[in-house]
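So the chains spell out like this:
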Amino acid sequence: MSEVLDIQKLLKSVIAYKSSDLHLVSRSEPQIRIDGRLVALNLPVLDGKQIQEMAYTLLTEKQKKAFEEHNELDFSMVIPDVGRFRGNYYKTMDDVACAFRIIPTTIPSLDDLNAKKIFKELIKREKGLILVTGPTGSGKSTTLSAMINEINLTESRHIITVEDPVEFVHQNKKSLFSHRNVGSDTKSFAHALKYALRQDPDVILIGEMRDRETISAGLSAAETGHLVFGTLHTNSAPGTINRIIDVFGGDERPQVRAQLAGTLIAAISQMLLPKIGGGRVAAQEIMINNPAIGNLIREDKVHQLYSQMQLNQTSTGMTTQTQEIVEYVRKKLVSKETALQYSNKPDELAKILATL
């Protein structure tokens, strides 16, 4: 049997297990991630040469050359009758290793995700910045895709996505999509954003706001009349504000705080918690910009944002991660042990759980 059939069958079996990721690392059998936890498949232990032979069957000559030059490679691919995947190749102890993330080919709707009503209100805004944050594997891309999909279903807009690599591929419904892969379609996130403003966009999705130049370009795009979506690897809404400001030098920070205070629509931080009995559920912390939130950002009082988020939530639409998790425990969807393990404020959560 050819190697290409081997890895395609392996990826197909990963989908059959309803897992999210496949890992091929030398000196280990293939492992998959189910509901956030790694599970070893009942297959032989692989060595680096076997992994390289399988891995290279999925690459173009250009991709092989790029990987051999940098020892890192991000790419996306479609395997007919199997699915769409995001791949990352890297080296470990001089051996090739691979991580594959399964990307659903069906774009989820906000209703499919049981998203709160506030999400449909946020995407109706003409301009501003919406941030969806969380650790790797927390479902950021899925949430963003559902929000973009809602725009596609309801608005006639030109939507440019800049990703490394492109994950969800949207079909034009009411909107027009220009999907751009960093590396093959554009040099970098910052480079793409510089020229995006000349491409007549209404909506811009930035796959990762990873550096000063990209963040600065994203803020400028939001200021100049575009609806901008972006992601960061932060675990709370207030932490997201700190992360953005900390990227800049001290003399630039007052201006950045003013830009954020003026352009931010919402910061949504999420993580996926294992459910009792299997599956996972998203806990989302939602901070919506309003005059009080904007003033705290502008005046460098980020430490007071969390308290402000807890006020008048019925009218503001805001919620904290702790509140979300407590509700899941009450509904017996998540165990107390899991809740405390995943919480970003375990002391606060423990006090509440003690009363349940």
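Residues numbered from 1 in each chain as written. Predicted model: local features only at pLDDT ≥ 70, side-chain atom pairs only at ≥ 80, totals over all residues. Heavy atoms only, no water.

**Q** How do you make sense of the environment of L11 when you look at a structure like this?
**A** On the secondary structure map, L11 appears in helix α1 (residues 3-16). Judged by its relative accessible area of 0%, L11 falls in the buried class. For the pair L11 and V82, spaced 71 residues apart in sequence, the C-alpha separation works out to 7.5 Å. Setting aside residues up to four positions removed in sequence, L11 forms contacts with L22, L58, M77, I79, V82, F85 and F100. (Helix = DSSP H or I, 4+ residues; strand = E, 2+ residues; numbered from the N terminus. Buried < 20%, exposed > 50% of the residue type's maximum accessible area, 1.4 Å probe, protein only. Contact = heavy atoms within 4.5 Å.)

**Q** Teacher, can you tell me more about the sheet that holds strand β8 (residues 158-163) here?
**A** Hydrogen bonds between backbone atoms are what pair the strands of a sheet, whose relative direction is either parallel or antiparallel. With mixed pairing, the seven strands of this open sheet are ordered in space as β9-β8-β10-β11-β7-β12-β13. Only two strands of the sheet have a single neighbouring strand rather than two, namely β9 (176-181) and β13 (280-288). Looking at each pair of strands side by side, their axes are set apart by 15 degrees on average, direction ignored. Examined bridge by bridge, strand β7 (residues 128-133) and strand β12 (residues 264-274) share five bridges and lie parallel to one another. In the sheet register, T133 faces β12, and the bridge partner there is S269. Helix α5 (residues 140-154) contacts β7, β8, β9, β10 (203-206), β11 (227-232), β12 and β13 of the sheet and is inclined by roughly 170 degrees relative to β11. Of the strands in this sheet, β12 and β13 are in contact with helix α13 (residues 321-330), which crosses β13 at around 150 degrees. (Pairing = 2+ DSSP bridges. Axes fitted to C-alpha atoms, helices over the stretch in contact; angles between N-to-C directions.)

**Q** Got a minute to help me understand the nonpolar core in this structure?
**A** One broad rule of soluble globular proteins: the nonpolar side chains tend to lie buried together. Ranked by size, the top nonpolar core spans 59 residues in total, and within it M147, F229, I241, L260 and M287 carry the most contacts. For L260, the residues in contact, after removing those within four places along its chain, are L129, L219, I241, I244, I245, N289 and I297. (Core = buried A, V, L, I, M, F, W, Y, C linked by side-chain atoms within 4.5 Å.)

**Q** Explain the pattern of salt bridges here, please?
**A** All chains considered together, the criterion is met by 13 salt bridges. Across the pair K120 and D111 runs a salt bridge whose closest N-O atoms are separated by 3.1 Å. On the basis of relative accessible area, K120 is assigned to the partly exposed category, the value being 28%. With relative accessibility at 53%, the residue D111 sits in the exposed group. Its salt-bridge partner being K116, residue E324 comes within 2.7 Å of it at the nearest N-O pair. Of this pair, E324 sits in helix α13 while K116 sits in the loop between β6 (95-103) and α4 (117-122), and the two are 208 residues apart along the sequence. One salt-bridge network, held together by shared partners, links D164, E208 and R210. (Salt bridge = Lys/Arg side-chain N within 4 Å of Asp/Glu carboxyl O.)

**Q** Teacher, can you tell me more about the sheet that holds strand β4 (residues 72-79) here?
**A** With antiparallel pairing, the six strands of this open sheet are ordered in space as β3-β2-β1-β6-β5-β4. Here the strands that pair on one side only, and so sit at the sheet edges, are β3 (37-40) and β4. Here the average twist between neighbouring strands, direction ignored, is 25 degrees. Judged from the four bridges that link them, strand β1 (residues 21-24) and β6 form a sheet pairing that is antiparallel. Bridge assignment links H23 to a residue of β6, and that residue is A99. The strands touched by helix α3 (residues 61-70) within the sheet are β4, β5 (83-92) and β6, with β4 carrying the most contacts at an inclination of about 155 degrees.

**Q** Quick question: what am I supposed to make of the packing of helix α8 (residues 237-246) against helix α9 (residues 253-263) here?
**A** Each packed pair of helices is defined by two parameters, the angle between the axes and the distance between the axes. Relative to each other, α8 and α9 sit at 140 degrees, their axes nearing to 9 Å. Here α9 runs oblique to α8, going by the angle between their axes. The way α8 lies across α9 gives a crossing that is right-handed. Of α9, the residues touching α8 (which contributes I241, I244, I245 and D246) are R253, V256, R257 and L260. Residues of the contact of α8 with α9, tallied by class, amount to five nonpolar, no polar and three charged. (Parallel < 35°, antiparallel > 145°, perpendicular 65-115°, else oblique. Left-handed = near helix turned anticlockwise from the far one by under 90°. Nonpolar A, V, L, I, M, F, W, Y, C, P; charged D, E, K, R; others polar.)

Purely geometric numbers; function is a separate question.
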